[in-house]
Structure formats: structure tokens, C-alpha cells
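Survey of secondary and tertiary structure
In case you want the letters, here they are:
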Amino acid sequence: MASSPVFLLLLLAFSVRGSAFWTPMMPNMIETKLQFYLQDWETGKNPTATTIAGAKGLASSVLNFGTVLAIDDAVTEGADRNSKQVGRAHGIYVNSALDGSDLHFLFSVVFTNEKYNGSTLEIQGADRFFLKQREVSVVSGTGSFRFAKGYATLETVYLDLPGLNAVVKFNVTVVHLSSKGHF
Ligand SMILES: *[C@@H]1O[C@H](CO)[C@@H](O)[C@H](O)[C@H]1NC(C)=O
Ligand SMILES: *[C@@H]1O[C@H](CO)[C@@H](O)[C@H](O)[C@H]1NC(C)=O
């Protein structure tokens, strides 16, 4: 079977197609830059982030090590909470630093705007929120963002520490399969 010419031909075809994708030129891959704001509101009217576990159960603070929050945060075009919504951030973050200084992000940005409706970006990384600027990974994506790889630089543009509410600006750079691209 292994020596069948058809099998060898198939093997050759797959390896050529495989290597084409991994050439340094990355045909069919394009770079996209996006800017949006994550509206992370834990208290007040219409909170969208909630503690689901922690050392003190549901009374645990997001500022303490071990606390896990589920989020369904609005993703907006502008810093204002009432600016146009372009998507939602669905997932979790976990306070992952003993001194409380790092939120480990694990969520999808699910776009709802016209251009990227239904497409997602997968965000993962260390949000060392006490830094003025920090960077998290974009590990993958779907829809318009298939095979996405990139990063997002983050900056907190609004912080209400007593209320545990924040607005974080995301500057995203991703390389992904062109929506017209085929292998
Ligand atoms: C996005 O897609 C959903 C369903 O697939 C549709 O109901 C909605 O109107 C679309 N939104 C935009 C802005 O195109
Ligand atoms: C995001 O991009 C804007 C405009 O390009 C720039 O002014 C800002 O410093 C950037 N922020 C971060 C955190 O990279």
C-alpha cells in the first residue's frame, strides 16, 4: 500500500501544500490592526463581570490571588460605555499573582459589527494591570480571523478601583488567513 504510486502522489501533494503555508512569505496571510475598548464593570448598573470562585467563595475580591471571574463584557468602539458596541468579550480571568498584580486573561472577543460579525479572536495572557501599558497574546481566531496570531497592547483608560470597574483599551495586531485565501 505504502508503495502505491497514488499514495506517494497524495503524500507529495500534501507536503507541497503544507510547506507552501509555512514559507516565510506566508501567502494568503494578511495583517490587520484593530482598536477597541473592553468595558469591564463588576458593580453598579448592569455589571458584566462576576466572581465565580475564590479563596473566600463569592465574597472573594478580584484583587486577591485565586479569584476567578466570568465575563460578558461589552467591546466598544470608543472609551465611553455608551459608544457603539462592536462585540462582546466572553470568558474568564483569574487573579494569578500571589501579590494580586496579574489577571490571567482567557476569553474570546466575539465580534457583532458588520465587518467581522460572528468572527472571534482568542485572547490569552498576563494582564499586569498595575502597569500603564502591557501586552497579551492573540492565540487564534475564527471566521475572518482563521489562523490568527498576534498581540494586543493594553492600557487602562478608566479605573474605579473601589467599584472594581475598568475600561481597557486594546490595540490589536494580528496576522491571519485572508478571508479570500485558500490553501
Ligand atoms: C450578525 O449576524 C446575526 C446572525 O448571524 C444577525 O442577526 C445580525 O443582524 C448581524 N449583524 C450585523 C451588524 O450584520
Ligand atoms: C494604541 O494606539 C494609539 C494610536 O495608534 C496610541 O496612541 C496608543 O499609545 C496605543 N496604546 C498602546 C497601549 O499601545
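The residue numbering used here restarts from 1 in each chain and proceeds along that chain's sequence as written. Following the order in which they are written, the chains are lettered starting with A and the ligands numbered starting with 1. The predicted origin of the model limits local features to residues at a pLDDT of at least 70 and limits the giving and counting of side-chain atom pairs to 80 or more, whereas totals for whole chains, interfaces and linings rest on all residues. Derived side-chain values reflect all non-hydrogen atoms in the structure, with water molecules and hydrogen atoms excluded from consideration.

**Some thoughts on a nonpolar patch on the surface**
Which entries qualify depends on this criterion: What makes a patch is a set of residues exposed beyond 30% relative accessible area and free of salt bridges, joined within 9 Å when like-charged and within 5 Å when nonpolar (Val, Leu, Ile, Met, Phe, Trp, Tyr). With residues, only the protein chains shown are counted as cover, and all accessible areas are computed by Shrake-Rupley using a 1.4 Å probe. Think of a salt bridge as a Lys or Arg side-chain nitrogen and an Asp or Glu carboxyl oxygen that are within 4 Å of each other. Numbering of helices and strands starts at the N terminus; helices are DSSP runs of H or I of at least 4 residues and strands are runs of E of at least 2.
A cluster of nonpolar side chains, contributed by Leu63, Leu159 and Leu161, occupies part of the molecular surface with about 260 Å² of accessible area. By the element assignment, leucine 63 lies in the loop between strand 2 (49-53) and strand 3 (68-76).

**Some points on the nonpolar core**
Which entries qualify depends on this criterion: For our purposes a nonpolar core is just a set of buried Ala, Val, Leu, Ile, Met, Phe, Trp, Tyr and Cys residues, chained together by side-chain atoms within 4.5 Å. Burial classes follow relative accessibility: with a 1.4 Å probe on protein chains only, a residue under 20% of its type's maximum area counts as buried, one over 50% as exposed, and anything between as partly exposed. In this description, contact between two residues means that some pair of their heavy atoms is separated by no more than 4.5 Å.
Formed by 29 residues in total, the largest nonpolar core has its most connected members in Phe36, Phe105, Phe107, Leu121, Phe170 and Val172. Broken down by element, this core gets its largest block of residues, five residues, from strand 5 (residues 103-111). Setting aside anything within four residues of it in sequence, one finds phenylalanine 105 in contact with Ile92, Tyr93, Ile123, Gln124, Gly125, Asp127, Val136, Leu154 and Phe170.

**Thoughts on the site of ligand 2**
How we decide: Near, as used in this document, describes a residue that has one of its heavy atoms within 4 Å of the molecule or strand being considered. Within 3.5 Å is the distance limit for a polar contact, defined as a pair of N or O atoms, with the added protein rule that one can donate a hydrogen and the other accept it, and that residues adjacent in sequence qualify only through two side-chain atoms. Just so you know the grouping, Ala, Val, Leu, Ile, Met, Phe, Trp, Tyr, Cys and Pro go in nonpolar, Asp, Glu, Lys and Arg go in charged, and all remaining residues, Gly too, go in polar.
Around ligand 2, the neighbouring residues are Gln35, Gln133, Thr153, Leu154, Glu155, Lys169 and Asn171. Between an oxygen atom of ligand 2 and a side-chain N or O atom of glutamine 35, the distance comes to 3.2 Å. Measuring from an oxygen atom of ligand 2, one finds a side-chain N or O atom of threonine 153 at 2.7 Å. About the coverage of ligand 2: the protein hides 54% of its 360 Å² of free accessible area. Those elements that place two or more of their residues in the shell around ligand 2 are strand 8 (149-160) and strand 9 (165-177). Tallying contributions element by element places strand 8 first for the shell around ligand 2, with three residues. When grouped by side-chain class, the residues that make up the shell around ligand 2 number one nonpolar, four polar and two charged.

**Concerning the site of ligand 1**
Around ligand 1, the neighbouring residues are Thr112, Glu114 and Asn117. Taking asparagine 117, its side chain carries an N or O atom lying 2.4 Å from an oxygen atom of ligand 1. A total of 360 Å² of accessible area belongs to ligand 1 in isolation, and the protein chains cover 27% of it.

**Some points on the side chain of threonine 173**
Structurally, threonine 173 is set in strand 9. The buried category is assigned to threonine 173, whose relative accessible area is 12%. Within the structure, the side chain of threonine 173 is placed 3.4 Å from the side chain of lysine 33, a separation counted as a polar contact. Beyond its immediate stretch of four places on either side in the chain, threonine 173 contacts Glu31, Thr32, Lys33, Lys149, Gly150 and Tyr151.

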